[in-house]
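Here is what each chain is made of, one letter per residue.
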Amino acid sequence: MKYVTLGSTGITVNKNGFGALPIQRVSRDEAAAILRRAYEGGIRFFDTARFYTDSESKIGYALGDVRSDIFIATKSMALTAAEFKEQLATSLRELGTDYVDLMQFHNPPFCPMPGHENGLYEAALEAKAEGKIRHIGITNHRLSIAKEAIESGLYETLQFPFSYLAAPEEVELLKMCEEHNMGFLCMKGMAGGLIKSGRAAYAYIAQFENALPIWGVQKLEEIEEFLACNTEEFEQDITPEIEEIIAKDREELSGDFCRSCGYCMPCPAGISIKDCARMGLMLKRAPISAYTTDAWKEEMHKIENCVECGQCKSRCPYGLDVPKLLKDNLEQYKPYF
Ligand code: SF4
Ligand code: SF4
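Residues numbered from 1 in each chain as written. Chains lettered and ligands numbered in written order. Predicted model: local features only at pLDDT ≥ 70, side-chain atom pairs only at ≥ 80, totals over all residues.

Enquirer: How should I be thinking about the overall build of the protein chain in this particular structure?
Expert: In terms of helices and strands, the protein chain carries 14 helices and 10 strands. Its C-alpha atoms give the protein chain a radius of gyration of 20 Å, within 12% of the compact-globule value 20 Å for 337 residues. Oriented by its inertia axes, the alpha-carbon framework of the protein chain measures out at about 60 × 50 × 40 Å. The buried share among the 337 residues of the protein chain stands at 43%. (Helix = DSSP H or I, 4+ residues; strand = E, 2+ residues; numbered from the N terminus. Rg over C-alpha atoms; globule rule 2.2 N^0.38 Å. Buried ≥ 20, exposed ≤ 12 C-beta atoms within 10 Å, placed from the backbone.)

See the structure below:
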């Protein structure tokens, strides 16, 4: 079994982390069954966020009796010290614990630093001194902010989208973290559903020593696939078969594609941009029937109501021309209306 140590935190865990965003979509007991199976299979790192509605409370419910045996990472989108303290208090209550192992600033539009009038970093330091958090990390989707965080020396971990579709600058970011003795948490290791092979996704990330993939799972079979990857039986190197899968996906998914992060939303026209801006790709990569239901047709029709306000484009951390992307996807979808 492979393990990873997250830089200066010293946290050493199974090289499979649990991303607890999707368990918002299932019942409390279904979530508990998945979380429990993950724990029994050896997963010890659970990543959630205050923003993920009842995800924290489901973790507390499912894993409260093994709290001291696991590592919990959560996140706060607070923009002021007061909000940070309030959100941390809520997270601790929901998780049913008196500390979190890793507290991350959740995709802030700037890199929190000491001395800033928002007092965010000082609030995190105060919580650490009080024993409410053990380590301070940051998550982001913007290369510039991620680099600033690494170079600041203020953070012990960085969480960033990372999969075998990563651009060279993203691989560079991971290496920078290694040089700065920071842990690297990979979000969207399956590129938000575009990658279909968990084995290929795992094998690619397994090459990087300081990287911990945080798999977003909401089904038991998904967790089983990742657990099976981190065993003696599974060849963790990139085999020719896996190489072929990766090469094919890179060819098909090259260029600018929507990562489904949702930071461009909300849209005043009510368009579910994070789904609609990648519909063409999903039609190629999943059973078409899953995306041609009346509900999806209704969502895609909303693109016609785009008022070209440009808000989505200015918010997209990948610099995508979102209104154009939506129109292109609408064109690809038209045969299915
Ligand atoms: S440009 Fe169109 S899609 Fe983008 S936020 Fe405005 S209305 Fe929504
Ligand atoms: S268009 Fe950009 S911001 Fe919006 S979901 Fe896609 S990648 Fe994220």
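Enquirer: Would you explain the domain arrangement of the protein chain in this entry?
Expert: Accessible area lost when the parts come together is the quantity often used to give the size of an interface. As assigned here, the protein chain comprises domain 1 (3-245) and domain 2 (273-336). Put simply, the middle of domain 1 and the middle of domain 2, counted by C-alpha atoms, are 28 Å apart. (Domains from an automatic or database assignment.)

Enquirer: Teacher, can you tell me more about the site of ligand 1 here?
Expert: Taken together, 15 residues lie around ligand 1, and C267, A269, C306, C309 and C312 are the ones closest in. Broken down by secondary-structure element, the contributors of at least two residues to the shell around ligand 1 are helix 13 (311-315) and helix 14 (322-333). Classifying every residue of the shell around ligand 1 gives 12 nonpolar, two polar and one charged. (Near = placed C-beta within 6 Å. Nonpolar A, V, L, I, M, F, W, Y, C, P; charged D, E, K, R; others polar.)

Enquirer: In this structure, what is going on with helix 7 (residues 198-206)? I would like to understand it.
Expert: Note that an α-helix has 3.6 residues per turn; residues three or four places apart therefore point the same way. Extensive coverage of helix 7 is indicated by the burial of eight of its nine residues. Three or more residues of helix 7 are buried, namely G198, A200, A201, Y202, A203, Y204, I205 and A206. Elements in contact with the buried residues of helix 7: strand 9 (183-187), strand 10 (211-216), helix 8 (220-229) and helix 9 (240-252). (Contact = placed C-beta atoms within 7 Å.)

Enquirer: So what exactly am I meant to see when it comes to the environment of Q236 here?
Expert: Note that Q236 resides in the loop between helix 8 and helix 9. Taking the C-alpha atoms as reference points, Q236 and G192, separated by 44 residues in sequence, lie 22 Å from one another. Excluding residues within four positions of it along the chain, Q236 makes contact with K2, A203 and A206.

Enquirer: Where do I start with the nonpolar core in this structure?
Expert: Ranked by size, the top nonpolar core spans 98 residues in total, and within it F18, A124, L158, C186, I273 and L326 carry the most contacts. With seven residues, helix 7 is the largest single contributor of residues to this core. Lining this core are residues from two domains, each supplying at least three of them: domain 1 (3-245) and domain 2 (273-336). The contacts of C186, once residues within four sequence positions are left out, are F162, I205, A211, L212, P213 and I214. (Core = buried A, V, L, I, M, F, W, Y, C linked by C-beta atoms within 7 Å.)

Enquirer: Please explain the site of ligand 2 as it appears in this structure.
Expert: The environment of ligand 2 is formed by 14 residues, the closest being C258, C261, C264, K274 and C316. Along the lines of polarity and charge, the residues of the shell around ligand 2 split into 10 nonpolar, two polar and two charged.

Enquirer: Sorry, what's going on with the environment of P268 here?
Expert: Within the secondary structure layout, P268 lies in the loop between helix 9 and helix 10 (273-276). Considering only alpha carbons, one finds P268 and N305, 37 residues apart in sequence, at a separation of 9.5 Å.

Enquirer: Before we go on, may I ask you to explain the pairing of strand 5 (residues 71-76) in this structure?
Expert: Looking down a regular strand, the side chains alternate between one sheet face and the other. With five of six residues buried, strand 5 is to be regarded as a mostly interior element. The β-α-β motif built from strand 4 (residues 45-47), the intervening helix 2 (residues 55-63) and the parallel element strand 5 has right-handed crossover chirality. Sheet analysis places strand 5 next to strand 6 (residues 100-106), joined by four bridges and oriented parallel. Opposite K75, over in strand 6, you have Q104 as the bridge partner. Since strand 5 and strand 6 lie parallel, the crossover through helix 3 (residues 81-95) that links them has a hand, and here it is right-handed. (Right-handed = clockwise from strand over helix to strand, strands pointing away. Pairing = 2+ DSSP bridges.)

Enquirer: Explain unusual backbone geometry to me, please; I cannot follow it from the model alone.
Expert: Of note, the amide linkage connecting M265 to P266 takes the cis form, showing an omega dihedral of 10°. Following the sequence through the fold, P266 ends up in the loop between helix 9 and helix 10. With a phi close to 50°, A191 is a non-glycine residue in the positive phi region. Mapped onto the elements of the fold, A191 is located in the loop between strand 9 and helix 7. Residue A191 is classed as buried on the basis of its 22 C-beta neighbours within 10 Å. Of note, the phi angle at E308 is positive, near 55°, even though the residue is not glycine. Take E308: it is sitting in the loop between helix 12 (294-301) and helix 13.

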